[in-house]
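Close look at the chain arrangement
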Amino acid sequence: FFQSVTVFRKLLIFLYLNNMKNIKKIVSIILPDGRMIETVLDPVTGQTNFAVWENGKIKIINKLKDQNGQLLYPISASNTLLKSKLISFSSEPVRYENIDILLFEIQNFIHRYVDLSEEFEKIASYYILLSWVYDRFTEIPYLRKIGDFGSGKTRFLKVLGAICYKGVFASGGTSTAAIFHIIDKFQGTLIIDEADFIFSDEKSAVAKILNNGNASGFPILRVSQKNNGQFTPISYTVFCPKIIASRKNYTDQALESRFITETFRPTKIRNNIPITLPDAFEEESLRLRNNLLTYRFKMFNKIKKYIIPDNIPLEGRISQIFSPLLSVVFKQEDREHILEIASQYSNELKNDRSQNIEAQVLSIIKQLQNEKQILSIKNITNEFFVQFADYYNKKISGKWIGFIIRKKLNLRTIRRQNGYIVEPGQFKKIKEYLERYGL
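Notes on the structure in this doc start here. (Residues numbered from 1 in each chain as written. Predicted model: local features only at pLDDT ≥ 70, side-chain atom pairs only at ≥ 80, totals over all residues. Heavy atoms only, no water.)

So, on to the nonpolar core. Among the nonpolar cores identified, the biggest contains 84 residues, and Leu-143, Tyr-295 and Phe-322 are the most heavily contacted of them. If sequence neighbours within four positions are ignored, Tyr-295 has contacts with Tyr-96, Ile-99, Leu-102, Leu-129, Trp-132, Val-133, Phe-300, Ile-303 and Val-328. Within the second largest apolar cluster, 25 residues are counted, among which are Ile-396, Trp-400, Leu-409 and Val-422. (Core = buried A, V, L, I, M, F, W, Y, C linked by side-chain atoms within 4.5 Å. Buried < 20%, exposed > 50% of the residue type's maximum accessible area, 1.4 Å probe, protein only. Contact = heavy atoms within 4.5 Å.)

Below, the structure is given as structure tokens:
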């Protein structure tokens, strides 16, 4: 008898484990057959379900099978992030009248609770739309507000985070491992106050996420130790929209160029901005999220990447970050205005680049070319010393300038009787550098 019970118990365990292998819990997915699946959270019952978009129709179900027959279930409502409201889901897809009215409602919602400039308020509204279809693109920009304590950064994060696509709030108390895991699992919009991490060892992890997370196909590898002591590399996807608050700009120009930024204006905050968010805020934000879920379903396959016209000369990186945003801009006047802002960013990037050491050396090269002088390392070093010695607390040597020319600017030099000169065959490259650096 006992032997039979043991065999029966083992059989039940085997069947249970075998069944569990065929079950997978997901947050959202687009299946090869075109079905779009999103987890929704019912605020009344506290249960999660799937909202499924199939052939232009929406249905709510609690499970489904993928093309391989695997059973898919929504992530449990008992998940800590859902219970603590650190991630914002829709409750159901709700029809909106048209995109024009939807944009108006988004901008009106932001305007009611956050004090932003008119142009940044418009950009923020379009960024919300972009967040709901971001996975249509291979690169995306980040949205940021810069300011010190008391400048409204936290309110900015709360309001935009409440209506963006699966907004995930990460605070300074969030561990590195949790941030990587959350982004990889939910693939929503990361809402982060960079100031929370400023005195923390986690700041370096945030920097890695920002450096790798604006383009798809660049996951971050972390090493995990198994119970047996072996180390296994784990790949985390960090590509997603990011809405950030910080106290200052980054010194890394490459990272800095990924942001569309509003810097705190030293003006009095509008009187009609509530000091605390009213009870109606949650209801309003949920209604918009429900509209935006329908927007994702209807517009995902219709949105095409906007190609910036050739007659608008933008830096490559600026074109990269503004093109996805412009792809969701449907008003011509708004598109033209945002293109003007993109041009300003492009000019600022050129100006910033013109302040670095490579630009300073190039300016000397250009001067010597205009004066018909030989582009020798000696001549360049002497003139560099005259113009820029006060900028540097180090000896201005020919060896250092030669290193900048050969390694930083990648210009070939050849030896002559009186020392090294820039090879004449490099003049075309010099011309291209001068144009790139705005010189």
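So, about the sheet that holds strand β5 (residues 57–61). On the basis of which strands lie adjacent, the open sheet formed by 4 strands has the order β2-β3-β4-β5 and antiparallel pairing. Edge positions in the open sheet fall to β2 (28–30) and β5, since each of these has one partner strand only. For this sheet the average axis-to-axis angle between neighbouring strands, irrespective of direction, equals 25 degrees. Sheet topology note: the strand β4 (residues 48–54)/β5 ladder contains 5 bridges and is antiparallel. Within β5, the position partnered with Ala-51 by the bridge is Ile-60. Docked against the sheet, helix α9 (residues 280–299) engages β2, β3 (36–41), β4 and β5, running at close to 175 degrees with respect to β3. (Pairing = 2+ DSSP bridges. Helix = DSSP H or I, 4+ residues; strand = E, 2+ residues; numbered from the N terminus. Axes fitted to C-alpha atoms, helices over the stretch in contact; angles between N-to-C directions.)

Attention now goes to the layout of surface pockets. Space inside the largest pocket adds up to approximately 580 Å³. Lining the largest pocket are 22 residues; nearest its centre among them are Lys-85, Ile-87, Ser-88, Glu-282 and Arg-289. Elements with a minimum of two residues in the lining of the largest pocket: α2 (80–83) and α9. Class assignment for the residues of the lining of the largest pocket results in 11 nonpolar, 4 polar and 7 charged. For the second largest pocket, the calculated volume is near 490 Å³. Lining the second largest pocket are 23 residues, and of these Asn-249, Glu-256, Thr-261, Tyr-345 and Glu-348 lie nearest its centre. Looking at which element gives the most residues to the lining of the second largest pocket, the answer is helix α11 (residues 332–353), with 6 residues. The residue inventory of the lining of the second largest pocket, partitioned by class, reads 8 nonpolar, 8 polar and 7 charged. (1 Å grid on protein atoms, 1.4 Å probe; cavity = no way out; pocket = protein on both sides within 12 Å on 5 of 7 lines; lining within 4 Å. Points joined across faces, edges and corners; volume = space filled by probe spheres on them. Nonpolar A, V, L, I, M, F, W, Y, C, P; charged D, E, K, R; others polar.)

The end-to-end C-alpha separation of helix α12 (residues 357–370) is 20 Å, in line with the 20 Å expected for 14 residues at 1.5 Å each. Where α12 is concerned, the buried positions are Ile-357, Glu-358, Ala-359, Gln-360, Val-361, Leu-362, Ile-364, Ile-365 and Leu-368. Of the residues one or two after α12, Lys-372 is the one with positive phi, at around 60 degrees. (Expected span 1.5 Å × (residues − 1).)

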